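# Tertiary structure, described
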Amino acid sequence: QQKRILLVYQRCKVKILYERLMEKHVRDSLMFDFYGELLTEHQRNVMESFINDDMSYSEIAENLEISRQAVYDLIKRINKQLNSYEDKLHLVEKFIQARDKMDDLTSAISDLRDENMNSVYTGDQSMQKALDKKLKNIEDTSKQIFEEF
């Protein structure tokens, strides 16, 4: 029983660590997408290899003929620089907020489709007014998203 509990605990712990690593990788990728052009060509090439080509420190080091430690230090400095840009400009944060609003829109559209199917069958005028209100909400949210970018 205790071994089973320990195994389940270890699996959960591994899953949480994996999710955190994936979140960090996604965030690093977004930071590079938004601010990569502000890096030097050398920095961009290293980050492109690391993030987009999924190369290890050792593989990058071999290609550049430098030490693995030098690649690690370079990537760490680049990430610090990218974080500094984000602290000042907040583009990734704004993008995530816009993406969340788009998710809200998608949900509202799905609700509208369901309600529209119901109102067609019942001929309910109040249902049509509710649909109009939701459509207005979608329109307003869309305008907010485009104004932010």
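The following paragraphs examine the structure supplied in this document. Residue numbers here run from 1 along each chain, matching the order of that chain's written sequence. Per-residue local features of the predicted model are confined to residues with pLDDT of at least 70, and side-chain atom pairs are confined, for both listing and counting, to 80 or more; whole-chain, interface and lining totals are unaffected and use all residues. Values shown for side chains rest on all heavy atoms present in the structure; no hydrogens or waters enter the calculation.

A word on the pattern of salt bridges. The working definition used for a salt bridge is a side-chain nitrogen of Lys or Arg within 4 Å of a carboxyl oxygen of Asp or Glu. Within this structure, the stated rule accounts for two salt bridges. Note that Lys 24 and Asp 28 form a salt bridge whose closest N and O atoms lie 2.9 Å from each other. With Lys 24 and Asp 28 both in helix H1 (residues 2-35), this residue pair falls four residues apart, about one helical turn. Categorising residues by exposure relies on relative accessible area from a 1.4 Å probe, with only protein chains included: less than 20% of the type maximum marks a residue as buried, more than 50% marks it as exposed, and the intermediate range marks it as partly exposed. Residue Lys 24 is classed as partly exposed on the basis of its relative accessible area of 46%. According to the relative accessible area criterion, Asp 28 is buried, its value standing at 15%. The partner of Asp 140 in a salt bridge is Lys 136, with the nearest N and O atoms 3.1 Å apart. Helix and strand assignments come from DSSP, with helices taken as H or I runs of at least 4 residues and strands as E runs of at least 2, each series counted from the N terminus.

Turning our eyes to something else, we now look at helix H2 (residues 41-52). Spanning twelve residues, H2 covers 15 Å between terminal C-alpha atoms, matching the ideal 16 Å at 1.5 Å per step. Along H2, the residues that are buried comprise Gln 43, Val 46, Met 47, Ser 49, Phe 50 and Ile 51. Note on H2: the residue one or two positions beyond its end, Asp 54, has a positive phi of about 55°. The length a helix should cover is 1.5 Å for every residue beyond the first.

This brings us to the environment of Gln 97. Structurally, the position occupied by Gln 97 is in helix H5 (residues 91-122). Taking the relative accessible area as the measure of exposure, Gln 97 reaches 39% and is therefore partly exposed.

With that settled, the discussion passes to the packing of helix H3 (residues 57-64) against helix H4 (residues 68-89). What counts as an axis is a line fitted to C-alpha atoms, over the stretch in contact for a helix, and the angles between N-to-C directions run from 0 to 180 degrees. Put simply, H3 and H4 touch, their axes get as near as 8 Å, and they point 110° apart. When the axes of H3 and H4 are compared, the pair comes out roughly perpendicular. Two secondary-structure elements touch here, H3 through Tyr 57, Ser 58, Ile 60 and Ala 61 and H4 through Arg 68, Val 71, Tyr 72 and Ile 75. All amino acids are sorted into three groups, where Ala, Val, Leu, Ile, Met, Phe, Trp, Tyr, Cys and Pro are nonpolar, Asp, Glu, Lys and Arg are charged, and the leftover types, Gly among them, are polar. When the residues that make up the contact of H3 with H4 are grouped by side-chain class, the tally is six nonpolar, one polar and one charged. An angle below 35 degrees is treated as roughly parallel, one above 145 as roughly antiparallel, one from 65 to 115 as roughly perpendicular, and anything else as oblique. Contacts are assigned to residue pairs with any non-hydrogen atoms lying within 4.5 Å of each other.

Counting residues in hydrophobic clusters, the biggest one holds 20 residues, and the most contacted among them are Met 47, Ile 60, Ile 75 and Leu 82. Within the residue set of this core, elements represented by two or more residues are H1, H2, H3 and H4. Sort the elements by how many residues they give to this core and H4 lands first, with six residues. Those residues in contact with Leu 82 that lie beyond four places of it in its chain are Met 31, Phe 32, Tyr 35, Leu 39 and Met 47. Throughout, nonpolar core names a set of buried Ala, Val, Leu, Ile, Met, Phe, Trp, Tyr and Cys residues whose side chains join them through atoms within 4.5 Å. Counting residues in hydrophobic clusters, the runner-up holds seven residues, among them Ala 98, Ala 108, Leu 131 and Ile 145.

In short, geometric facts, not functional conclusions.
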